[in-house]
Amino acid sequence: MELCRARHNSKERRVDPQVVVGLLVDRGGFPLEIGCFEGNKAETLTILPIVAGFQERHQLSDLVVVADAGMLSGSNLKALDAAGLRFIVGSRVTKAPADLASHFRWHGDAFTDGQVIDTITPRVATKTAAQVNSDRKRAEPVWDPEVHEKSWRAVWAYSAKRAVRDGKTLTLQENRAKAVIAGEKTARTPRFVTIKNGSRSLDESSLARARQLVGLKGYVTNISASVMPAAEVIASYHELWHVEQSFRMSKTDLRARPMFHHTREAIEAHLTIVFAALALARYLQDQTGLSIRRLVQTLRPLRDVTISIAGQTITARAEIPPDIQTILKAATH
């Protein structure tokens, strides 16, 4: 496989040849499938083959794909839906004003801690997209794939704890913007700063809109409420941290990158080793309750030493303390 030089595919802005790695894990982060593609492949051309291959091998007819807001594009969701896959993805908070237009009109900015609003969101952002969810009706529409062909189901949840965290973040961003406007800091134009006729000013309206949305988190899905209640949609998405943890383990602890191979066979061999190591690491974590880093640090000093001298072979075995014996017993249970 000749690797494609795709500068935009590297977050570190490297110009080295890039490959896209697809890693499928379960809701607990245990690896199920891995694959690699040329660096210029779009997400829809990498996700579907990985999922479809896993389905075919294990004869699974019903899967739910959970992903973060980075997957929230019309083409990605349409491709997943067309393939008969159910999905739950994070929504961007900027979509809240349109999705919750009815709530804002009839209830203002008021939300209660833990409040959940089950509504719909347009599949494609257009000027007429707001028509799918009219604020003239006080009751939120119940998503029906037969009725709402141009929409997906959207679940919005409010958290007082998240609101406090979001508020602190906005205050920091506001202070940074004011410092840049005052010339106290030199930086690229930060959020909430507008430039008109060469002068900078604070974008008060954008800041006010952002503060109106603190505490809100949205989720987009093609699973109807009769199949999966809103609380289960949210709970399923919150398991995503296990997935992200597995990706971090693959990249750092297991050194999936950087990759110094140039042929498909070598790349696939490298990824197979990483995949097997991730599966083993996840198993050990589940059995012992310890992180893989802690396990490595604890077990690495335990080494047997074999010495050959004067025709004799002497083996010195490491003494295993009781606490480490407990770990090894749990790992091999």
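Before reading further, recall that the structure is shown in the block above.
Residues numbered from 1 in each chain as written. Predicted model: local features only at pLDDT ≥ 70, side-chain atom pairs only at ≥ 80, totals over all residues. Heavy atoms only, no water.

Caption draft 1: Region of interest: the nonpolar core. If you look at the biggest cluster of nonpolar residues, it comprises 22 residues, and the most contacted ones within it are Ile88 and Tyr219. Within the residue set of this core, elements represented by two or more residues are β1 (19-25), β6 (151-158), α7 (230-238), α8 (240-251), α9 (264-288), α10 (292-299) and α11 (322-331). (Core = buried A, V, L, I, M, F, W, Y, C linked by side-chain atoms within 4.5 Å. Buried < 20%, exposed > 50% of the residue type's maximum accessible area, 1.4 Å probe, protein only. Helix = DSSP H or I, 4+ residues; strand = E, 2+ residues; numbered from the N terminus.)

Caption draft 2: Representation of the sheet that holds β6. Pairing within the open sheet is mixed, and its five strands lie in the order β3-β4-β9-β6-β5. Because the sheet does not close on itself, it has two edges, and the strands there are β3 (64-67) and β5 (116-122). The average undirected angle you get between the axes of adjacent strands in this sheet is 25°. Packed on one face of the sheet, helix α2 (residues 74-82) meets β4 (86-90), β6 and β9 (216-221) and runs near 160° to β4. (Pairing = 2+ DSSP bridges. Axes fitted to C-alpha atoms, helices over the stretch in contact; angles between N-to-C directions. Contact = heavy atoms within 4.5 Å.)

Caption draft 3: Spatial organisation of the packing of aromatic side chains. Tallied over the entire structure, the rule returns four aromatic pairs. On the numbers, 5.9 Å between centres and 80° between planes, the contact of phenylalanine 104 with phenylalanine 111 is edge-to-face. Here phenylalanine 104 falls in the buried class, since its relative accessible area comes to 15%. On the basis of relative accessible area, phenylalanine 111 is assigned to the buried category, the value being 15%. Summarising the aromatic geometry, the rings of phenylalanine 111 and tyrosine 158 are spaced 5.4 Å apart at their centres and angled 15° between planes, so their arrangement reads as stacked. (Phe/Tyr/Trp six-rings, centres within 6.5 Å; stacked < 30°, edge-to-face > 60°.)

Caption draft 4: Summary view of the side chain of threonine 298. Structurally, the position occupied by threonine 298 is in helix α10. Within the structure, the side chain of threonine 298 is placed 2.8 Å from the backbone oxygen of arginine 294, a separation counted as a polar contact. With near-sequence residues (within four places) excluded, threonine 298 lies in contact with Ile324 and Ile327. (Polar contact = N/O pair within 3.5 Å; in protein donor to acceptor, adjacent residues only side chain to side chain.)

Caption draft 5: Here's a closer look at the side chain of threonine 119. Assignment of secondary structure puts threonine 119 in strand β5. Reaching out from threonine 119, the side chain makes a polar contact with the side chain of glutamate 140 at a distance of 2.8 Å. If we skip the residues at most four places from it in the chain, threonine 119 touches Asp99, Leu100, Asn133, Glu140, Pro141, Trp143, Trp152, Arg153, Ala154 and Trp156.

Caption draft 6: Quick peek at the environment of alanine 163. Assignment of secondary structure puts alanine 163 in helix α5 (residues 160-181). Put simply, alanine 163 and leucine 216 are 53 residues apart on the chain and 7.3 Å apart in space, counted from C-alpha to C-alpha. Beyond its immediate chain neighbours, meaning those up to four positions away, alanine 163 contacts Tyr158, Val214 and Gly215.

Caption draft 7: Structural context of α9. In this model α9 runs 36 Å from its N-terminal to its C-terminal C-alpha over 25 residues, within 8% of the 36 Å that 1.5 Å per residue would give. Positive phi appears at glycine 289, one or two residues downstream of α9, with a value of about 80°. (Expected span 1.5 Å × (residues − 1).)

Caption draft 8: How the structure looks around the pairing of strand β8 (residues 199-202). The pairing of strand β7 (residues 193-196) with β8 spans four bridges and is antiparallel. Residue pairing for β8: threonine 194 is matched across the bridge by serine 201. Where β7 folds back onto β8 in an antiparallel hairpin, the turn is made up of two residues, including asparagine 197, whose phi is positive at roughly 55°.

Caption draft 9: Quick peek at the pairing of β6. For β6, the tally of buried residues reaches eight of eight residues, placing the bulk of the element in the interior. Across seven bridges, β5 lies against β6 in antiparallel orientation. In the sheet register, aspartate 118 faces β6, and the bridge partner there is valine 155. Bridging between β6 and β9 involves six bridges; their strand directions are antiparallel. Note on β9: the bridge partner recorded for tyrosine 158 is leucine 216.

None of this, on its own, says anything about what the molecule does.
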